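Letter by letter, the chains look like this.
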Amino acid sequence: MENKDIPCIIELPRIYDPRGNLTFVQEGDGRLPFELQRVYWTYDVPAGEERGGHAHREGRELLVATGGSFNVNLFDGRTWTTYTLNRPYQGLYIPARIWRTLDNFASGSVCMVLTNVKYDEADYIRDFDEYMALQKQ
Ligand code: TYD
């Protein structure tokens, strides 16, 4: 059977309003493909800097550009795919065991990340050779 646990863009609800639009994520509404445990966000990323550079053993994530624009480069052990995130009503779902780097941050960008695991350094694979060895198992 085809493995459906692959990266994809998830459209989030949009409440249009002349006062300004609103988007939300709510546990149990069927949009989030995991149970939410933690939210974190990166900001003030200097021009030219790169974030990420790791994979997670169990952690699954939804990345949202709540402000600005940046690229997310995903590698599954065989193929690199780049997503440009710049819409606060779209999330990029990243399953476990996908290597990612984030770059090309526009000034003022905010990357919000929703995930199914509490912070645990043991969940990180930060060595690319180790990642490749795991993917070949
Ligand atoms: P890191 O994972 O290296 O950031 P990036 O996603 O850009 O690779 O995290 C940077 C530091 O922040 C690292 O020391 C771990 C710490 N950290 C926490 O304490 N809690 C968290 O939820 C996260 C995501 C990171």
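Analysis parameters
Residues numbered from 1 in each chain as written. Predicted model: local features only at pLDDT ≥ 70, side-chain atom pairs only at ≥ 80, totals over all residues. Heavy atoms only, no water. Pairing = 2+ DSSP bridges. Helix = DSSP H or I, 4+ residues; strand = E, 2+ residues; numbered from the N terminus. Axes fitted to C-alpha atoms, helices over the stretch in contact; angles between N-to-C directions. Buried < 20%, exposed > 50% of the residue type's maximum accessible area, 1.4 Å probe, protein only. Arc of directions from axis to C-beta. Polar contact = N/O pair within 3.5 Å; in protein donor to acceptor, adjacent residues only side chain to side chain. Contact = heavy atoms within 4.5 Å. Disulfide = S-S within 2.5 Å.

Draft legend 1. Up close: the sheet that holds strand E9 (residues 110-115). Reading across from one edge, E1-E7-E4-E9-E2 is the order of the 5 strands in this open sheet, with antiparallel pairing throughout. At either end of the open sheet lies a strand with only one pairing partner, and these are strand E1 (8-11) and strand E2 (38-42). The mean inter-strand angle of the sheet, taken between neighbouring strand axes irrespective of direction, is 30°. In this sheet, E9 lies alongside strand E4 (residues 61-67) in antiparallel orientation, the contact comprising 6 bridges. In the strand pairing of E9, Ala-65 is matched with Cys-111.

Draft legend 2. Spotlight on the pairing of strand E8 (residues 99-103). In terms of residue burial, E8 counts as a mostly covered element, since 4 of its 5 residues are buried. The sheet contact formed by strand E3 (residues 51-56) and E8 spans 3 bridges and is antiparallel. In the strand pairing of E8, His-54 is matched with Arg-100. Relative to E8, strand E5 (residues 70-75) is paired through 5 bridges, and the arrangement is antiparallel. For Leu-74, the partnering residue across the bridge sits in E8 and is Arg-100.

Draft legend 3. Region of interest: helix H1 (residues 128-135). Those residues of H1 lying buried are Tyr-131, Met-132 and Leu-134. All buried residues of H1 fall inside an arc of 160° around its axis, so they share one side.

Draft legend 4. Here's a closer look at the side chain of His-54. Note that His-54 resides in strand E3. Taking the relative accessible area as the measure of exposure, His-54 reaches 8% and is therefore buried. Engagement of the side chain of His-54 in a polar contact is seen with the side chain of His-56, the distance being 3.4 Å. Not counting residues up to four positions away in its chain, the partners in contact with His-54 are Ile-98, Trp-99, Arg-100, Tyr-124, Ile-125 and Arg-126.

Draft legend 5. Geometry of unusual backbone geometry. Despite not being glycine, Asp-44 has its phi angle at roughly 55°, a positive value. Considering the arrangement of structural elements, one finds Asp-44 in the loop between E2 and E3. On the accessibility criterion, Asp-44 (65% relative accessible area) is exposed. Although it is not a glycine, Arg-97 adopts a positive phi angle of roughly 60°. Mapped onto the fold, Arg-97 is located in the loop between strand E7 (90-94) and E8. Arg-97 sits in the partly exposed class, given a relative accessible area of 33%.

Draft legend 6. Quick peek at the state of the cysteines. All chains considered together, the criterion is met by 0 disulfides. A disulfide-free cysteine, Cys-8 has its sulfur positioned 16 Å from the sulfur of Cys-111, the nearest such atom. Residue Cys-8 is classed as partly exposed on the basis of its relative accessible area, which comes to 31%.

Draft legend 7. Just the environment of Gly-48, in detail. Structurally, Gly-48 is set in the loop between E2 and E3. Its relative accessible area of 81% is what places Gly-48 among the exposed residues. For Gly-48 and Asn-104, which are 56 residues apart along the polypeptide, the C-alpha to C-alpha distance reads 6.4 Å.

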